[in-house]
Amino acid sequence: MSDNQTPATQVDTATEQTTHFGFKQVDKGQKASLVANVFDSVAAKYDVMNDLMSMGVHRLWKRFTIDCSGVRAGNKVLDIAGGTGDLTAKFSRLVGPTGRVTLADINLSMLKVGRDKLRDRGLVSNIDYVQADAEALPFPDNHFDVVTMAFGLRNVTEKQNALNSIYRVLKPGGRLLVLEFSKPTTEQLSKLYDMYSFHILPKMGQLVANDAESYQYLAESIRMHPDQETLKGMFEQAGFEQCDYQNLTGGIVALHRGYKF
C-alpha cells in the first residue's frame, strides 16, 4: 500500500471488484459462471417449477407484459433471458411472417430447452436463437422495435450496462419492458413472502428438481435486486424516457417500461 492510500480506499476498491451472488459477495468475474451453474441445474425442470412456485400466476404476469408490449405484425422483437420461450412463442405469432423474434439467453442449457420446446410447437419460421450477454448485446444499433426481459435482469452482474446495451439496439420509438421480481408494497405481504421464499421454496426445489441450493439463490437474488423506484432511475440513466412501472401481485413482481426517442 502506498503512503497516500488509506484503508478506506482499499475497501472501496474491493467493493468495486465484487458483487452479490444471492447474499454472498463474489468477484464480479465469477458471477456469470455461478449464475450459469444455477440455470444449468434447473433448466430441465424450469417450466414445472415456475408453475409450482407461482401457482401458475407467472403466466398472467407474462400475458400482461405481452399485452403492454404493443408488438404487432412486422416488428423485430428481442426477448432477452428468454429461457424456455414463453414470451417468444406469443411474439412469434404476433409479428407474423414479416416480423422476426430473437430469443437471446446467456445460458446455453436454457437456450436449448427453449429452442426444443418451440420447435416442438411448430414455431420455426420467424425465430432466431442467440447465446448473448445482456451487458454486450451482439446486435446492430437501432435494430429492434421492442425488447423484453422477463425474470432475467436480477441475474446480470452490471445491470446498468445491460440497460445501456438494450438502449443502443432499440430503434428510436422502440420500447423496453422488464418484468422482474420486486419489493412487496405492504409489510404484511413482505413477511409472508419471506416465509414462503426462505422456508418453502428451497424445499420445493429439493423435492421437484433435487436442487434446494439453486432455489435458495433465487430467493436471495430477489432480495438483492433494486426496488421499483431505483430501477426506474436506472432506466432513466440509460436514456429511456416516459419510464414507469406497474406493481403486480402486491409488488412481488413489477413491470417496468421505458421508451427510446
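For every chain, the first residue of the written sequence is number 1, and numbering continues from 1 onward in sequence order. This being a predicted model, a pLDDT of at least 70 is required before a residue's local features are given, and a value of 80 or more before pairs of side-chain atoms are given or counted; all residues contribute to the totals for chains, interfaces and linings. Only hydrogens and water are set aside; all other atoms, that is, all heavy atoms of the structure, feed into the side-chain values.

So, on to the pairing of strand S3 (residues 76–80). Whether a residue is buried, partly exposed or exposed follows from its accessible area with a 1.4 Å probe, protein chains only, as a fraction of its type maximum: under 20%, in between, or over 50%, in that order. Strands are runs of DSSP state E lasting at least two residues, helices are runs of H or I lasting at least four, and both sets are numbered from the N terminus onward. With respect to burial, S3 is a largely interior element, four of its five residues being buried. Note on pairing: DSSP must find at least two bridges between two strands before they are called paired. Taken together, the four bridges between S3 and strand S6 (residues 144–150) define a ladder with parallel strand orientation. Among the inter-strand pairings, Leu78 is bridged to a residue of S6, identified as Val147.

Let's shift gears to the sheet that holds S3. Strands sit in the order S5-S4-S3-S6-S7-S9-S8 across an open sheet of seven strands; the sheet is mixed. What marks the edges here is a single partner per strand, and that holds for strand S5 (127–131) and strand S8 (241–248). Here the average twist between neighbouring strands, direction ignored, is 15°. Direction of pairing for strand S7 (residues 170–181) relative to strand S9 (residues 253–259): antiparallel, over a ladder of seven bridges. Paired with Phe181 across the strands is Val253, a residue of S9. The criterion used for residue contact is that any of the two residues' heavy atoms lie within 4.5 Å. Each axis is a line fitted through C-alpha atoms, taken for helices only over the stretch in contact, and angles between the N-to-C directions span 0 to 180 degrees. Relative to strand S4 (residues 100–105), helix H5 (residues 86–95) is tilted by about 165°, and along the sheet it contacts S3, S4, S5 and S6.

Here the expected length of a helix is defined as 1.5 Å per residue gap, with one fewer gap than residues. End to end, helix H8 (residues 187–209) covers 31 Å across 23 residues, agreeing with the expected 33 Å (1.5 Å per residue, within 8%). Note that the bend at a residue is defined as the angle between axes fitted to the seven residues ending at it and the seven residues starting at it. Within H8, the axis deviates most sharply at Ile200, by approximately 35°, and proline Pro202 lies no more than four positions further along. For H8, the elements touching its buried residues are helix H3 (46–54), S7 and helix H9 (212–224). Looking at the residues trailing H8, positive phi occurs at Asn210, about 55°.

Right, let's get into unusual backbone geometry. We note that Ala81 has phi near 55°; this positive angle belongs to a residue other than glycine. Relative to the helices and strands, Ala81 is located in the loop between S3 and H5. Its relative accessible area of 25% is what places Ala81 among the partly exposed residues. Phi is positive for Asn142, which is not a glycine, with a value near 50°. Of note, Asn142 is situated in the loop between S5 and S6.

Okay, the packing of aromatic side chains next. Pairing of aromatic side chains requires ring centres within 6.5 Å, counting the rings of Phe and Tyr and the six-membered ring of Trp. Pairs whose planes differ by under 30 degrees are stacked, by over 60 edge-to-face, and all others tilted. The full count for this structure, using the stated rule, is seven aromatic pairs. When the centroid spacing of 4.8 Å and the interplanar angle of 40° are considered together, the rings of Phe151 and Phe181 count as tilted. Highlighted residues: Phe151 in the loop between S6 and helix H7 (159–169) and Phe181 in strand S7, separated in sequence by 30 residues. Residues Phe151 and Phe181 agree in their burial class; the two are buried. Taking 5.1 Å as the distance between ring centres and 90° as the angle between the ring planes, the aromatic pair formed by Tyr167 and Phe240 counts as edge-to-face. In this pair, Tyr167 sits in helix H7 while Phe240 sits in the loop between helix H10 (228–238) and S8, placing the two residues 73 residues apart along the sequence. The same class applies to Tyr167 and to Phe240, which are both buried. Chaining the aromatic ring pairs together yields one cluster made of Trp61, Phe151 and Phe181.

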